[in-house]
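Overview (structure and organization)
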Amino acid sequence: AISLARIGSSGINAEYGEVGRLCYIRLGDNAGKTCVIVDLVDQKRLLVDGPHCGLARQVIRLKNLAITDLKVKIARGCKTNVVRAAVTKEDIANKFLQTSLSKKAESKKAKAALGDFDRFKLRVAKTAHNRKIRSAVRKLKKSS
Amino acid sequence: KEIGGDKNGGSRIVPTQRESRYYPTEDVRRRLANRKKPGMAKLRSSITPGTVLILLAGAHRGKRVVFLRQLNSGLLLVTGPYKINGVPLRRIPQCYAIATSTHIDVSDVTIPEQCIINEAYFKGEPKKKKRSEDMFEETQDDKKPREQRIKDQKTVDDQILPKISGVSHLKKYLSSLFSLRKG
């Protein structure tokens, strides 16, 4: 596989934008969907395809993506049906749902959908929670 | 009209309404009559009976109240309930309320007829103008609500309060004030 520009966190465990890597689209019209890298266009753009998400094959900018550590085995520039078959074979969609990135995105979405009463209940729960922690800390401080 | 005096002919016909002594030198243009009457304001689709509203203006600004129904004048009839946040059965204009997505089932709540039909029910007592002698005297204004209002408030609130206590945290929510926060 041809390595592309490093877009993950720097370090030993840096993720590479390679062919077959699953990416999460952070920004734009298709935000929230996942896609597989099929080919590279240049330093900043990738050709992606997401048949499992209903995402059409398209060129997308790196900055709109967040790469995951999941990967699918496909050849560079392969057709959409090949991508689809590979994705279903490795059940990548479900594997993605278990990643922390997916869970964080879900909770963000849920938080945005809260109503005024829900936000109030959240606040009440948070203060109660923090109060418990603080009282426990105070007790420990006193005893030490 | 009878007129006194001997030689004045006893009685005379006098106009009952005299014309004023003053009239302008040029004819004053008469304005066209405005026959428009405000209709009942269209109720926003987000406001239905039982919706919790946030009041934006007036003495009770920031308070969360329960919407009961729209009156014929277009104003919204709301109640705190009074025991929870001190808002009585009150009329508010629709534009000064934010509707939340929280609802209470008030379909079986009966509101006293006078509140709905008679708008004068809600009108306050006219303030007594102080005379110049009394201007510096401090008068005690006993602002007590009418007995009828207290009674009607109790009738309505007694129906609503058990529904509120049925939902967890709702009572606390209604007694808290709305404010803008970060995030």
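A short tour of the structure in this document, coming up. Worth saying up front: this structure is predicted, and the values here are computed from it rather than measured.

Re the side chain of threonine 100 of chain B
By the secondary structure assignment, threonine 100 of chain B is in strand S5 (residues 97-103). Side-chain polar atoms of threonine 100 of chain B contact the backbone oxygen of valine 52 of chain B, separated by 2.6 Å. Leave out the neighbours within four places in its chain, and threonine 100 of chain B touches Asp116 of chain A together with Thr51, Val52, Ile54 and Tyr173 of chain B.

What to know about unusual backbone geometry
Negative phi characterises most residues that are not glycine, and trans characterises most peptide bonds. Residue and element names in this part refer to chain B. Following glycine 80, the chain continues into proline 81 via a peptide bond in cis, with omega recorded as -5 degrees. Tracing the chain through its elements places proline 81 in the loop between strand S3 (76-79) and helix H1 (82-85). The backbone of histidine 169 sits at a positive phi, close to 70 degrees, despite the residue not being glycine. Take histidine 169: it is sitting in the loop between helix H3 (147-165) and helix H4 (170-175).

What to know about the sheet that holds strand S3 (residues 45-50) of chain A
All names here are of chain A. Taken together, 5 strands build an open sheet; the order of strands is S4-S3-S2-S1-S5 and the sheet is antiparallel. Edge strands, defined here as strands with exactly one partner in the open sheet, are strand S4 (55-61) and strand S5 (65-71). Taken pair by pair, the neighbouring strands of this sheet meet at an average axis angle of 40 degrees, ignoring direction. Two elements, strand S2 (residues 34-40) and S3, share 4 bridges in a ladder whose sense is antiparallel. Within the sheet, the bridge partner assigned to isoleucine 37 lies in S3 and is valine 48.

Quick look at the environment of aspartate 39 of chain A
Residues and elements named next belong to chain A. Assignment of secondary structure puts aspartate 39 in strand S2. A residue is classified by how much of its surface remains accessible, and aspartate 39, at 16% relative accessible area, is buried. As a C-alpha pair, aspartate 39 and cysteine 78 span 39 residues in sequence and 8.6 Å in three-dimensional space. Here aspartate 39 is in contact with Leu46, Leu47, Arg76 and Gly77, once residues within four sequence places are set aside. Polar contacts involving the side chain of aspartate 39 include one to the side chain of arginine 76, which spans 3.1 Å.

Some words on helix H3 (residues 100-112) of chain A
An ideal rise of 1.5 Å per residue puts 18 Å on 13 residues; H3 of chain A measures up with 18 Å between its terminal C-alpha atoms. Of all 13 residues making up H3 of chain A, only 1 are buried, and the element is barely covered by its neighbours.

Reading the values: rules and limits
Residues numbered from 1 in each chain as written. Chains lettered and ligands numbered in written order. Predicted model: local features only at pLDDT ≥ 70, side-chain atom pairs only at ≥ 80, totals over all residues. Heavy atoms only, no water. Helix = DSSP H or I, 4+ residues; strand = E, 2+ residues; numbered from the N terminus. Polar contact = N/O pair within 3.5 Å; in protein donor to acceptor, adjacent residues only side chain to side chain. Contact = heavy atoms within 4.5 Å. Pairing = 2+ DSSP bridges. Axes fitted to C-alpha atoms, helices over the stretch in contact; angles between N-to-C directions. Buried < 20%, exposed > 50% of the residue type's maximum accessible area, 1.4 Å probe, protein only. Expected span 1.5 Å × (residues − 1).

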